[in-house]
Amino acid sequence: MSPRLKALSVHLLTASGAVLAMFAMLAAVQENWSLMFLWLVVALIVDGIDGPLARKYEVHKNWPTYDGVLMDLIVDYLTYVFIPAFALFQSGLLPGWTGWLAIIVICFGSVVYFADTRMKTKDKSFAGFPACWNMVVLVLFATKPGEAVILMVVILLTVTMFTNLKFIHPVRTSRWYELSIGVCIAWIVLAGWAAWWDFNEGPVAKWLLVLTSMYLMLAGIAQQIIPEGIRRVR
């Protein structure tokens, strides 16, 4: 296959995320939350591999007609933000005014964040919470905390989108890369498992999902606190 066709194939792989988003939305409209999240997990996998492939096959040079970054942002807004926000509202986890407040702050804050040219740090991490509501809402479905806790999580994460707090990109942040990519893969497996079993995955899988989520959420902040190259004194 020629370099141009390889580059085009990567663009088409990214575009397939829009189809996966539609499948997820159709499941959400039917309130089939397990199927919706399974489609979102597949979309997350596609999003995780298309970037490295795009860089490997130099899509910006071999097929510059399509803007892969723009395409990725469009798909990400659907799968990371719009559909999870709808699920959080429609599922009843946040009833009444709390549900309305959640979808307003999630959708409004996320679109502003996606348009921010400063969202990436020098080490390819994210400045502020990268609007990964698909992951957050899945964990909320799996753990089902109280209404006050869910609302607090939504508001807190929305606020952190507009801070300098660092959040790792598991595929691109080089520091702790091996650990981060391993935890990310484990999270995907656990998330798929939870959705497959209609969020009756059992306490062990549930706590492992929470622990891996906490690592992905806090690793970047830990990197800001812990100096790089620090050595343990015995």
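Residues numbered from 1 in each chain as written. Predicted model: local features only at pLDDT ≥ 70, side-chain atom pairs only at ≥ 80, totals over all residues. Heavy atoms only, no water.

A.B. asks: How should the packing of helix α5 (residues 97–114) against helix α7 (residues 147–160) be read in this particular structure?
C.D. replies: Packed helices, taken two at a time, are described by the angle between their axes plus the distance between the axes. Where α5 contacts α7, the two axes come as close as 10 Å, and the packing angle between them is 20°. The angle between α5 and α7 places the two elements in the roughly parallel class. When you trace α5 past α7, the crossing you get is left-handed. For the pair α5 and α7, the contacting residues are Trp 97, Thr 98, Leu 101, Ala 102, Val 105 and Ile 106 in the first and Glu 147, Leu 151, Val 154, Ile 155 and Thr 158 in the second. (Axes fitted to C-alpha atoms, helices over the stretch in contact; angles between N-to-C directions. Helix = DSSP H or I, 4+ residues; strand = E, 2+ residues; numbered from the N terminus. Parallel < 35°, antiparallel > 145°, perpendicular 65-115°, else oblique. Left-handed = near helix turned anticlockwise from the far one by under 90°. Contact = heavy atoms within 4.5 Å.)

A.B. asks: Whenever I open this one, α5 confuses me. Can you help?
C.D. replies: Each α-helix turn comprises 3.6 residues. Residues three or four places apart therefore point the same way. In this model, α5 (18 residues) spans 26 Å end to end at C-alpha, consistent with the 26 Å of a helix rising 1.5 Å per residue. Those residues of α5 not exposed but buried are Thr 98, Gly 99, Ala 102, Ile 103, Ile 106, Cys 107, Gly 109, Ser 110, Tyr 113 and Phe 114. Where α5 is buried, its residues touch α4 (68–90), β1 (126–127), α6 (133–143) and α7. (Expected span 1.5 Å × (residues − 1). Buried < 20%, exposed > 50% of the residue type's maximum accessible area, 1.4 Å probe, protein only.)

A.B. asks: For this particular structure, what's the right way to read the side chain of Arg 175?
C.D. replies: Within the secondary structure, Arg 175 is located in the loop between β2 (166–167) and α8 (177–196). Here Arg 175 sits buried without a salt bridge, and the closest side chain of opposite charge, Glu 228, lies 4.7 Å off (N-O distance). A distance of 3.2 Å separates a polar atom in the side chain of Arg 175 from the backbone oxygen of Pro 227. In this structure Arg 175 touches Ser 180, Gln 223, Ile 226, Pro 227 and Glu 228, once residues within four positions along its chain are discounted. (Lys, Arg positive; Asp, Glu negative; His and termini not counted. Salt bridge = Lys/Arg side-chain N within 4 Å of Asp/Glu carboxyl O. Polar contact = N/O pair within 3.5 Å; in protein donor to acceptor, adjacent residues only side chain to side chain.)

A.B. asks: Hey, could you run me through empty space enclosed by the protein in this one?
C.D. replies: A probe as big as a water molecule, rolled over the atoms, marks out the empty space that is left. In this structure the tally under the stated criterion is 2 cavities of 30 Å³ or more. Looking at the largest cavity, its volume works out to about 50 Å³. Every residue lining the largest cavity is listed: Thr 14, Gly 17, Ala 43, Val 46, Asp 47, Asp 50, Asp 72, Val 75, Asp 76 and Thr 79. Among the secondary structure elements, those contributing two or more residues to the lining of the largest cavity are α1 (3–29), α2 (33–56) and α4. Its residues assigned to classes, the lining of the largest cavity shows 3 nonpolar, 3 polar and 4 charged. When its volume is computed, the second largest cavity comes out at roughly 30 Å³. What lines the second largest cavity is simply Phe 37, Leu 40, Val 41, Leu 44, Asn 134, Met 135, Leu 138 and Trp 187. For the lining of the second largest cavity, the secondary-structure elements that each account for two or more residues are α2 and α6. Of all the elements, α2 adds the most residues to the lining of the second largest cavity, at 4 residues. Tallied by class, the residues present in the lining of the second largest cavity amount to 7 nonpolar, 1 polar and no charged. (1 Å grid on protein atoms, 1.4 Å probe; cavity = no way out; pocket = protein on both sides within 12 Å on 5 of 7 lines; lining within 4 Å. Points joined across faces, edges and corners; volume = space filled by probe spheres on them. Nonpolar A, V, L, I, M, F, W, Y, C, P; charged D, E, K, R; others polar.)

The values are spatial; any link to function lies outside them.
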